[in-house]
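These are the residues of each chain, in order.
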Amino acid sequence: MNNTTINTDKLKNAFESVIKTAHEQKILFSYVDENKISVKSTDYTETIEIYVSTFNVLKDFESFSIDGNKFIKILKSIKNKELILSSKSKFLTIKTTNNNFRIEKLSELHIVFEDEEKIGALRLNDNFLLGLDNCLHSISTNTPQLQMSGAFIQSSKGKLNIVSTDSKRLSVFYVGDCDLEFEFIIPKKATLNIRNLFTKDTEILFSENSISIVGNDIKYQCKLINAKFPNYEKIIPMEFNTSIRLNKDEIIESLKSVSVIEPLVNFSIENGFISIESKDNSASSFIKTDVEENFKIMFNSKHIIDFLSVIDDAQFKFNYNECNLPFVLEAGVAKEIIMPYIDQ
């Protein structure tokens, strides 16, 4: 690599994106063309490649890898808008007006994008990204049940939904209409990376085992979870004894204040008041309401707060049957089915 001038922030942003999927923190530098290099990483589930433009004509060079963490630390210390990279023998040199840094080059990594036959495509648009946002909180973590450790993407009966569950709650987000029939599960970490990497309308190509996305100066691939998602539709109630509309901000504020010590709360409506009390009776809150229905239920306040924190609507529907049955929160095209807490 000859003396190559690059925008510092663009290179730093690229490294901060690829380091998240870097096995042993190794990042691969590669030549793309005379005006562009690429930085690439993989953890053997996800693979990311980001292209970075140079200000001067770049000569072809052999690919090499470096310690990504060390390189990012150097980039964060640089205040200059531009820096100069040069590669000689065993080291990559980073130069600015006042500073020189040197980092050891490592052996070349073998990183490839799998070339699988694609069986379908769907739009990665604002609504799809919003669906990922709405379902992230209920994806199970540290679970042996692989089917619950990701976002379930399902197109069935003309509807495209994003679904997730941790067995105590179920998030369902209607993305839009879709004529194709397919389903697959994206790992939780991949949903976070997709949300952070792609902000413009593009296309997701999917095969039997992976998805691929190509955006402006970004190439991404992820292996899918090989598991069968549970039949979630059978636990969604179709009818309700009570359906009321509540103010989102009021409920969030009351739940947060009451659940400071104890997350389990008793939620009841009676005589024109919403009453929220912690299970251990250490805190309580009351909200005046026009709702005439009377009912009482106990639940984990975090489950409600998580859902209400990701919706844009000022109000939401609270759908209820019995204190020992799942209840449903609704806001626009988002649903949350939550299991109540049964006090033994």
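Details of the structure are given in the entry above.
I will try to describe carefully the structure that is included in this document. Just so you know, these numbers come straight off a predicted model, no measurement behind them.

For the rest of this paragraph, the subject is the overall build of the protein. A tally of helices and strands in the protein yields six helices and 24 strands. In terms of principal-axis extent, the alpha carbons of the protein reach across some 80 × 45 × 35 Å. Here the protein, with 344 residues, has 50% of them falling under the buried criterion. When the accessible area of the protein is evaluated, it comes to approximately 17,700 Å², of which 45% is carbon and sulfur surface.

Secondary-structure assignment places S38 in strand β3 (residues 36–42). Engagement of the side chain of S38 in a polar contact is seen with the side chain of E49, the distance being 2.9 Å. Setting aside anything within four residues of it in sequence, one finds S38 in contact with L28, F29, S30, V32, E49, I50 and Y51.

In this approach the atoms are scanned with a rolling probe the size of a water molecule, which exposes any empty space left behind. Considered as a void within the structure, the largest pocket measures approximately 510 Å³ in volume. Taken together, 23 residues form the lining of the largest pocket, with I50, L197, N216, D217 and I218 sitting closest to its centre. Where the lining of the largest pocket is concerned, the elements lending two or more residues are α1 (8–18), β4 (46–53), α4 (188–197) and β15 (210–215). When residues of the lining of the largest pocket are assigned to their parent elements, the largest contribution, five residues, is made by β4. Taken together, the residues of the lining of the largest pocket break down into nine nonpolar, nine polar and five charged.

The next subject is the nonpolar core. Of all hydrophobic cores here, the largest spans 87 residues; its most connected members are F15, F29, F71, I194, F267 and F318. Beyond its immediate stretch of four places on either side in the chain, F318 contacts T242, S243, I244, L246, F267, F295, I297, F299, F327, V328 and L329. Membership of the second largest hydrophobic core comes to 11 residues, among which are F152, V163, I225 and F229.

Our focus in this paragraph is empty space enclosed by the protein. Applying the stated criterion across every chain, the model contains one cavity of 30 Å³ or more. Taken together, A22, H23, K26, T42, Y44, L109 and I111 form the lining of the largest cavity. Of the residues that constitute the lining of the largest cavity, the class distribution is four nonpolar, two polar and one charged.

What counts, and where the lines are drawn
- Residues numbered from 1 in each chain as written.
- Predicted model: local features only at pLDDT ≥ 70, side-chain atom pairs only at ≥ 80, totals over all residues.
- Heavy atoms only, no water.
- Helix = DSSP H or I, 4+ residues; strand = E, 2+ residues; numbered from the N terminus.
- Buried < 20%, exposed > 50% of the residue type's maximum accessible area, 1.4 Å probe, protein only.
- Areas by Shrake-Rupley, 256 points an atom, 1.4 Å probe, with all protein chains shown as cover.
- Polar contact = N/O pair within 3.5 Å; in protein donor to acceptor, adjacent residues only side chain to side chain.
- Contact = heavy atoms within 4.5 Å.
- 1 Å grid on protein atoms, 1.4 Å probe; cavity = no way out; pocket = protein on both sides within 12 Å on 5 of 7 lines; lining within 4 Å.
- Points joined across faces, edges and corners; volume = space filled by probe spheres on them.
- Nonpolar A, V, L, I, M, F, W, Y, C, P; charged D, E, K, R; others polar.
- Core = buried A, V, L, I, M, F, W, Y, C linked by side-chain atoms within 4.5 Å.

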